[in-house]
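Structure at a glance
If you want the building blocks of each chain, they are given just below.
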Amino acid sequence: MSDIDLQRFCRENVRLFDGFPADRVEDIVRQSRLVTFEANETMIETGGDGGFIGVIVSGCADISLSDGGGGRSAISRLEAGEVFGAIALLTGEPVVADVIAGSRCQVLMIPREAFNSHILTNPKAIGYLSRQLAERTRAIARLPSEAAARPDDPYALSLNSGGPGKIMTLNVGLGQIHFAIVDTSDNHADIHGIIDHADSRPARITVRAGQRQETMERPSFELAELFRVIGEASALLGPACAFDRAEITAIGHRVAHGGSQFANSVVITPAVIAGIEALAAFAPLHNPLNLAGIRVALRDFPDLPQVAVFDTAFHQTLAPYAYLYGLPYALHEQDGIRRYGFHGTSHRYVSLKSAAVLKRPLGELEIVSCHLGAGASLCAIDHGRSIDTTMGMTPTDGLIMPTRSGSVDPAVMIHLMQQPGMSPERLSALINKESGLLGISGISGDIGEIEKAAAEGHYRAQLAHKAFCYQVRKNIGAYVAAMGGIDVLAFTGDIGESSAAVRGLACQGLEFMGIRLDEEKNRQVGKLDSYAIISADDSPVAILVIANDNERLVARETLRAIERNRLLLAARAEALPAIPIEISAHHVHLSQADVEALFGPGHQLTPLHELSQPGQYSCEEKVDLVGPKGRIANVRVLGPTRKETQIEIAMTEQFKLGVLPPIRQSGDLVGTPGLTLEGPQGSVALERGVICAQRHIHMSLEDARRFHVQNNNVVRVRVEGDRELIFGDVVVRADPSYRLAMHIDTDEGNAGHIHTGMLGHIEEIQRRH
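Thresholds, definitions, all that
Residues numbered from 1 in each chain as written. Predicted model: local features only at pLDDT ≥ 70, side-chain atom pairs only at ≥ 80, totals over all residues. Heavy atoms only, no water. Pairing = 2+ DSSP bridges. Helix = DSSP H or I, 4+ residues; strand = E, 2+ residues; numbered from the N terminus. Contact = heavy atoms within 4.5 Å. Axes fitted to C-alpha atoms, helices over the stretch in contact; angles between N-to-C directions. Polar contact = N/O pair within 3.5 Å; in protein donor to acceptor, adjacent residues only side chain to side chain. Salt bridge = Lys/Arg side-chain N within 4 Å of Asp/Glu carboxyl O. Buried < 20%, exposed > 50% of the residue type's maximum accessible area, 1.4 Å probe, protein only. pLDDT = per-residue confidence, 0-100. Core = buried A, V, L, I, M, F, W, Y, C linked by side-chain atoms within 4.5 Å. Disulfide = S-S within 2.5 Å. Arc of directions from axis to C-beta. Parallel < 35°, antiparallel > 145°, perpendicular 65-115°, else oblique. Nonpolar A, V, L, I, M, F, W, Y, C, P; charged D, E, K, R; others polar.

**Some remarks on the sheet that holds strand β10 (residues 176-183)**
- Reading across the sheet, the eight strands line up as β13-β12-β11-β10-β9-β14-β16-β15 and stay open at both edges, with mixed pairing between neighbours. Only two strands of the sheet have a single neighbouring strand rather than two, namely β13 (212-218) and β15 (266-267).
- As judged from the two bridges shared by β15 and strand β16 (residues 306-310), these two strands associate in the antiparallel manner. The partner of V267 across the bridge, within β16, is V307.
- Each of β9 (166-172), β14 (248-255) and β16 touches helix α8 (residues 287-300); the most contacted strand, β14, lies at about 165° to it.

**Some remarks on the environment of L463**
- When you line up the elements, L463 lands in helix α16 (residues 459-483).
- Between the C-alpha atom of L463 and that of I440, which follows or precedes it by 23 residues, the distance is 7.4 Å.

**Remarks on the sheet that holds strand β22 (residues 542-546)**
- Read from one edge of the open sheet, six strands run β19-β18-β17-β20-β22-β21, paired in mixed fashion. On the outer flanks of this sheet lie β19 (385-389) and β21 (531-533), each paired with one strand and no other. Each strand of the sheet is rotated relative to its neighbour by a mean of 25°, with strand direction disregarded.
- Alignment of strand β17 (residues 366-372) against strand β18 (residues 376-382), held across seven bridges, turns out to be antiparallel. If you follow C370 over to β18, its bridge partner there is L378.
- Relative to the sheet, helix α11 (residues 344-358) contacts β17, β18, β20 (488-492), β21 and β22, its axis offset from that of β22 by approximately 125°.
- Sitting on the sheet, α16 touches β17, β18, β19 and β20, and the angle it makes with β18 is about 15°.

**Details of the side chain of D382**
- Relative to the helices and strands, D382 resides in strand β18.
- Reaching out from D382, the side chain makes a polar contact with the side chain of R664 at a distance of 3.1 Å.
- Once residues within four sequence positions are removed from consideration, D382 is found in contact with L365, E366, I387, M483, P662 and R664.

**A word on the pattern of salt bridges**
- For the structure on display, the rule yields 35 salt bridges.
- The partner of E232 in a salt bridge is R218, with the nearest N and O atoms 3.0 Å apart. Of this pair, E232 sits in helix α6 (residues 226-235) while R218 sits in strand β13; the two residues are 14 residues apart in sequence, bridging distant segments of the chain.
- Among the residues examined, R218 registers a relative accessible area of 13% and is labelled buried.

**Notes on the confidence of the model for the protein**
- For the protein, per-residue confidence averages 89 on the pLDDT scale, and residues scoring 70 or more make up 95% of the total.
- Between residues 144-150, whose pLDDT stays under 50, and residues either more than four places distant or in other chains, the model counts 10 contacts.

**Quick look at the nonpolar core**
- In terms of nonpolar packing, the biggest core is built from 51 residues, with L16, F17, I119, L129, I697 and M699 touching the most fellow members.
- By residue number, the principal contributor to this core is helix α5 (residues 123-141), which donates five residues.
- In contact with F17, not counting residues within four places along its chain, are C10, V25, I28, I110 and I119.
- Within the second largest apolar cluster, 42 residues are counted, among which are A453, I476, Y479 and V525.

**A short note on the pairing of strand β7 (residues 98-101)**
- Residues of β7 alternate between two faces, with D98 and I100 on one and V99 and A101 on the opposite face, all of them buried.
- As paired strands, strand β2 (residues 42-44) and β7 are joined by two bridges and run antiparallel to one another. Paired with I44 across the strands is V99, a residue of β7.

**As for the environment of A490**
- Looking at where A490 falls in the secondary structure, it is placed in strand β20.
- C-alpha separation for the pair A490 and P154, spaced 336 residues apart in sequence, amounts to 19 Å.
- Not counting chain neighbours up to four residues away, the residues in contact with A490 comprise V350, S354, V368, S369, C370, L544 and I546.

**Some thoughts on the state of the cysteines**
- Here the structure, examined in full by the defined rule, presents zero disulfides.
- No disulfide involves C105; its sulfur sits 5.7 Å from that of C60, the nearest cysteine.

**Some thoughts on the pairing of strand β25 (residues 607-610)**
- In this structure, β25 lies alongside strand β26 (residues 617-626), joined through three bridges in antiparallel fashion. Looking across to β26, one finds that E610 is bridged to Y617.
- Here β25 folds back onto β26, and the loop between the two strands holds six residues, one of which, G615, carries a positive phi near 85°.

**Focus on helix α7 (residues 270-278)**
- Among all positions in α7, only V272, I273, G275 and I276 are buried. Across the axial projection of α7, the buried residues extend over an arc of 160°, all falling on one side. More than 90 degrees from the buried face of α7, the exposed residues found are P270, A271 and A278.
- Contact partners of the buried residues in α7: β14, β15, α8 and β16.

**Section: the side chain of E497**
- Structurally, E497 can be placed in helix α17 (residues 493-498).
- Discounting residues that sit within four places of it in the chain, E497 has contacts with T492, R503, V525, L528, V545, I546, A547 and N548.

**Considerations on unusual backbone geometry**
- Cis geometry marks the peptide bond from G639 to P640, where omega comes out at 5°.
- In this structure, H343 takes a positive phi of about 60° despite not being glycine.
- Relative to the helices and strands, H343 resides in the loop between α10 (329-335) and α11.
- Since its relative accessible area comes to 7%, H343 is described here as buried.
- With phi around 60°, H708 is a residue other than glycine that occupies positive phi space.

**Some thoughts on the packing of helix α2 (residues 22-31) against helix α4 (residues 112-119)**
- Relative to each other, α2 and α4 sit at 170°, their axes nearing to 9 Å. Looking at the two axes, α2 sits roughly antiparallel to α4. Seen from α2, the contacting residues are R24, D27, I28 and Q31; seen from α4, they are A114, H118 and I119.
- When its residues are assigned to classes, the contact of α2 with α4 shows three nonpolar, two polar and two charged.

This is how it looks when you write it as structure tokens:
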């Protein structure tokens with residue numbers, strides 16, 4: 001088919017191009033390519049990034065999903081003139097269904113650049129695509145849940161980009177340096193290394209690639225020689241593993257403490273270096289060494305993007321009541337004294353891997369993650385967000401660990417300083433290097449040696465082991481209570497992966513919570529390649545053992561930080577509109593059944609005035625909220641009705657009602673508390689439905705494209721005013737029907753002296769889902 005014939009076909013047969021001038025269609029065709037697909041050939045695959053929109057020129061194709069049993073569930077048939085691939089381009093999400101040729105097809109492949117410049121700028125075309133998006137989304141939702149199963153790697157944990165590139169990761173510690181060279185084109189070609197350089201003895205270096213492992217000793221060296229030493233060690237694995245600096249495309253640095261300043265991984269700049277330096281007071285054994293590694297890497301690789309990946313970042317979603325200590329509030333405000341948590345990269349990975357293993361959306365899971373290693377911590381992950389963790393302001397707090405004390409009565413420290421006269425330095429050595437399993441057992445901090453001695457009848461080894469497992473089990477129970485339920489219990493880290501005894505004792509007695517361990521599966525866990533499921537077949541809670549790979553996790557965060565930075569710079573280069581701020585007071589969304597129970601049979605909501613979002617309105621109807629402790633009268637109902645009733649309140653109203661709702665996105669009601677609604681004609685006792693709404697921005701798909709964000713991205717927003725401030729953890733909610741506005745609740749507005757009508761600006765993309 002000639003270009004002229006193709007242009008005529010597009011103008012006459014493709015509804016997407018209705019009203020397009022001939023010269024614009026000509027430009028689109030010129031930038032596109034005509035591709036032939038044979039019958040049963042896949043045109044676009046579930047989980048891919050799309051990158052183009054396809055127009056069927058001849059033949060037919062089917063949109064479908066695997067049904068999980070070897071068959072396929074059809075969504076729709078595409079004929080000549082119809083389009084596919086638009087959903088991924090509009091939303092920025094991975095492709096949600098396969099498109100497979102039903103016969104020999106010719107397809108016009110329109111690239112992203114032509115789509116952005118010619119189609120997204122046409123309101124009529126966007127309207128057509130938005131209707132298509134809605135229709136196909138509804139069709140997918142009607143399929144059985146197993147048909148909508150995610151692909152094997154829904155959270156891009158493999159890092160496999162299909163193209164060349166190697167990410168180097170560094171974790172420079174007090175006695176060891178961990179490094180890796182992660183190959184983004186081949187998941188099996190990674191190189192891992194540990195340089196043991198404790199004290200002044202010769203450095204012992206172990207390197208591993210696949211099943212091959214080599215060890216060397218060499219004289220101790222200055223950190224400035226680090227990359228030369230890494231090259232020497234890598235050469236032991238053979239020519240294929242030789243360290244070629246030219247192949248490195250980015251470097252990721254694990255940094256212990258990011259404080260409140262760094263809520264995610266960031267590209268390293270002078271300001272970031274200054275921030276890490278300032279936070280050394282909270283991690284004096286870690287941050288200075290991490291920073292020394294960064295400076296050497298910047299000197300040797302000045303032109304590469306380098307990223308700081310903070311152990312604390314994942315826990316920046318903790319609520320104040322979870323991170324505050326019972327100390328004068330001024331110490332938090334002035335000195336940053338609070339719980340920060342650590343092992344965040346590991347806990348984040350465990351949550352993503354758990355969702356991928358179970359083939360369930362992360363946003364519907366409640367997970368307790370147990371990272372048990374040289375450092376040990378638990379984390380409560382509620383619908384993808386860390387809501388509590390055992391480590392505190394420093395990595396010494398929380399569980400008993402191999403050589404760290406964990407939580408200790410603060411008065412014990414005062415006593416040791418007063419009576420034996422211990423100095424702060426001596427106390428630091430005591431609680432970090434001489435305590436924990438080592439201190440209690442008097443033998444070792446190594447779990448293998450502890451279990452061997454315990455089996456031989458060594459009382460203090462038995463006591464140390466039991467105390468460690470008791471603390472893990474106790475905190476699992478606490479976190480199930482904090483979340484109001486549990487779907488997944490996951491173990492990772494050296495101890496979590498290797499000790500069946502620890503896992504068994506940690507789960508013992510938790511059957512009443514739905515945690516049922518299969519003892520045989522637990523004993524059979526050997527060297528993990530990826531994960532193992534050790535729960536009983538009838539266990540309501542999945543129990544997983546997940547292989548920890550900190551270096552690969554750092555590489556993953558490095559790639560994402562570089563992408564966020566690129567998109568943010570692109571957005572700042574454009575003249576973007578300010579985002580109107582709206583204060584959202586407490587309100588209720590009712591189901592029709594509850595409307596009739598509260599206001600009488602057949603009652604319909606009465607619109608009072610329209611809200612900023614199209615189709616949403618305030619109603620004349622009001623209800624009273626009645627909780628275990630008190631009531632709030634005359635709470636406005638918003639329309640239209642919903643499938644399930646939802647109540648949104650502010651944090652300060654929790655105490656008045658006597659309920660403790662989680663921070664959630666609208667509609668995410670699993671595990672939320674209930675209360676009683678009272679209306680003029682009756683009352684309704686709800687078992688669930690009360691939330692504190694997560695701050696969010698409504699925007700159209702066109703706004704999302706302009707801001708370089710996607711649906712469910714998390715951003716930081718700077719709000720103008722006399723007391724200018726920045727809100728973190730703001731969720732982007734992109735939909736064709738939305739109008740640009742950021743919603744915060746009355747508490748947040750009052751705290752920042754913010755009122756409806758003020759303006760905000762996206763400062764940073766925290767996370768991209």
